[in-house]
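# Coordinates in review
This is what each chain is made of:
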Amino acid sequence: MTDAQETAADTSLRTTGGAPPDDVAPAPIPLLEPREGIPPVVATDDALAGVVAAFAAGTGPVAVDAERASGYRYGQRAYLVQLRREGAGSALIDPVGCPDLSSLGEALTGTEWILHAATQDLPCLRDIGMVPTSLFDTELAGRLAGFPRVGLGAIVENLLGYALEKGHSAVDWSTRPLPDPWLRYAALDVELLVDLRDALEAELERQGKLEWALEEFDAIASAPPAPPRKDPWRRTSGMHKVRRRRQIAVVRELWTARDQVAQRRDISPGKVLGDAAIIEAALAMPANVHALTALPGFGHRMGRRQLEQWQAAVDRARALPENELPQPGQQPAGPPPPRAWADKDPAAAARLSAARTAVSGLAEELHMPQENLITPDTVRRVCWEPPKALTPGAVETALAGYGARRWQIEQVGPLLLRALDTGA
């Protein structure tokens, strides 16, 4: 789960009840404890073997979650993995002590995994050998079912009648030993995922959307790992302020130096040097350490050695020959920003306007976010470069080429065909 989702979904649970009469004091709402108590943290190969055997012998789907140390450590590795399955109970596994969970992943082959916001946790689970063959994403299911709030806390309260208290979502999960309140939180994080999955499946079935959801889940489970980002330093916050190529080179050099330090020290890059400081240095182009120290983010708390390494990065950018300087913001592949369409291609702008109106209306009718009905990028691409032959088959082929699922093509294809005719 993302930090925001976990903040909305602390897994300390309490029952909710109706309002008491005016003359009766409201009864305290009891906290729901883990059904079997807090399980011990599994951190040895022998203990892991016991968990593998228990979960292999369990029945039904398995609830899975992972806790990371975003904002504290370098990268997005898992620092705790939680599971629950009928017949096996709950388990808390420490990936620091047990860095290879491939035996557990293999034991669960063919079992449906239940995750909330699966795409957030799957990368770190994959890194430790856990890859589902099928899954059910409770957050995505909630979106397709039309719930306005799909954080775990909100959707559990809506469907199961439990409220989730906020607590330990943003803590440093690399801490060892993990405090008992954190472990209780973690154990409860998977406590009701199976129940939530069943309730969402029933709701999707009622709305006639279950097959759509299953297609989405299959697409997530079968998706390959995301390729590394090209030029990740370009995502530095505030990059839009940096215009000149040599200043852009300063951003690149400082970002790279920071990343190397963060990786070596296993600490979040933002704790090494803030994005705002990188941008300030790029704009000011300080000539020496004294000038660098005067900039925001490079104050008196920073040691001389640190300041010298940042100044060295600035100096490297200063010394680069012109032909090695990075180009300004590289234009991403695909159509230009929609605001430019009216000037560049009025017919395409008319197609896009018609398509957006049609998709928005259908999404409202189906009670789901537009981006889950069809991605805005797909709509833009099809409208910018429509098929040469405006036929149902050609539009369907174009949508499939951009990754649209069968159910999305069936729902949106006819609308886009009419919209493409608008600018023909």
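All values derive from a computational prediction rather than experimental measurement.

## A few points about the sheet that holds strand E6 (residues 89–93)
Taking strand neighbours across the sheet as the criterion, the six strands line up as E3-E6-E5-E4-E7-E8 in an open arrangement whose pairing is mixed. Pairing within the sheet leaves two strands with one partner each, and these edge strands are strand E3 (41–42) and strand E8 (134–137). Set on the sheet, helix H8 (residues 193–207) makes contact with strand E4 (59–68), strand E7 (112–115) and E8; between it and E4 the angle comes to about 115°.

## Brief notes about the environment of Leu 420
Relative to the helices and strands, Leu 420 resides in helix H20 (residues 406–422). Exposure remark for Leu 420: the relative accessible area of 1% places this residue in the buried category. Note: C-alpha distance between Leu 420 and Arg 351 (69 residues apart in sequence) is 5.3 Å. Sequence-distant contacts of Leu 420, defined by excluding residues within four places in its chain, comprise Arg 351, Val 382, Cys 383, Pro 386, Pro 387, Leu 390 and Val 395.

## As for the state of the cysteines
Working definition: the covalent bond between the sulfur atoms of two cysteines is a disulfide. Using the criterion set out here, one finds zero disulfides in the structure. Cys 98 takes part in no disulfide bond, and the closest cysteine sulfur, belonging to Cys 124, lies 16 Å away.

## Comments concerning helix H12 (residues 275–284)
Helical geometry note: an α-helix holds 3.6 residues per turn, so side chains three or four residues apart project in the same direction. Every buried residue of H12 is accounted for by Ala 277, Ile 278, Ile 279, Ala 281 and Ala 282. Buried residues along H12 sit in contact with helix H10 (245–265) and helix H13 (289–293). Taken from the residues just after H12, Met 285 is the one with a positive phi, measuring 50°.

## As for the packing of H10 against helix H14 (residues 304–319)
Orientation of H10 relative to H14, taken along the N-to-C sense of each, is 140°, at an axis distance of 8 Å. The interaxial crossing formed by H10 with H14 has right-handed handedness. Seen from H10, the contacting residues are Arg 246, Ala 249, Val 250, Glu 253, Leu 254, Ala 257, Arg 258 and Val 261; seen from H14, they are Gln 309, Trp 310, Ala 313, Val 314, Arg 316, Ala 317, Arg 318 and Ala 319. Looking at the contact of H10 with H14, its residues break down into ten nonpolar, one polar and five charged.

## Regarding the packing of helix H16 (residues 346–366) against helix H18 (residues 376–384)
At a minimum axis distance of 9 Å, the contact between H16 and H18 shows a crossing angle of 145°. As H16 runs across H18, the sense of the crossing is right-handed. Facing Ala 348, Arg 351, Leu 352, Ala 355 and Val 359 of H16, the residues of H18 in contact are Val 379, Arg 380, Cys 383 and Trp 384.

## What to know about unusual backbone geometry
Residues Arg 176 and Pro 177 are joined by a peptide bond in cis, for which omega reads -5°. Here Pro 177 shows up in the loop between strand E9 (162–165) and helix H7 (180–188). With a phi angle near 60°, Ala 117 is a residue other than glycine that sits in the positive phi range. Within the secondary structure layout, Ala 117 lies in the loop between E7 and helix H4 (118–127). By relative accessible area, which is 2% here, Ala 117 ends up buried.

## Considering the pattern of salt bridges
Under the criterion given, the structure shown has 18 salt bridges. One salt bridge in this structure joins Arg 405 and Glu 216, with 2.8 Å as the shortest N-O distance. Here Arg 405 is found in the loop between helix H19 (392–401) and H20, whereas its partner Glu 216 is found in helix H9 (residues 210–222), with 189 residues between them in sequence. The class of Glu 216 is buried, set by a relative accessible area of 7%. Between Arg 304 and Glu 308 there is a salt bridge, and its shortest N-O distance comes to 3.1 Å. On the criterion of helical spacing, the pair formed by Arg 304 and Glu 308 is a turn pair, its members being four residues apart in helix H14. Look at Arg 304 and you get exposed, because its relative accessible area is 55%. A relative accessible area of 40% means that Glu 308 is categorised as partly exposed.

Rules of the game
- Residues numbered from 1 in each chain as written.
- Predicted model: local features only at pLDDT ≥ 70, side-chain atom pairs only at ≥ 80, totals over all residues.
- Heavy atoms only, no water.
- Pairing = 2+ DSSP bridges.
- Helix = DSSP H or I, 4+ residues; strand = E, 2+ residues; numbered from the N terminus.
- Contact = heavy atoms within 4.5 Å.
- Axes fitted to C-alpha atoms, helices over the stretch in contact; angles between N-to-C directions.
- Buried < 20%, exposed > 50% of the residue type's maximum accessible area, 1.4 Å probe, protein only.
- Disulfide = S-S within 2.5 Å.
- Left-handed = near helix turned anticlockwise from the far one by under 90°.
- Nonpolar A, V, L, I, M, F, W, Y, C, P; charged D, E, K, R; others polar.
- Salt bridge = Lys/Arg side-chain N within 4 Å of Asp/Glu carboxyl O.

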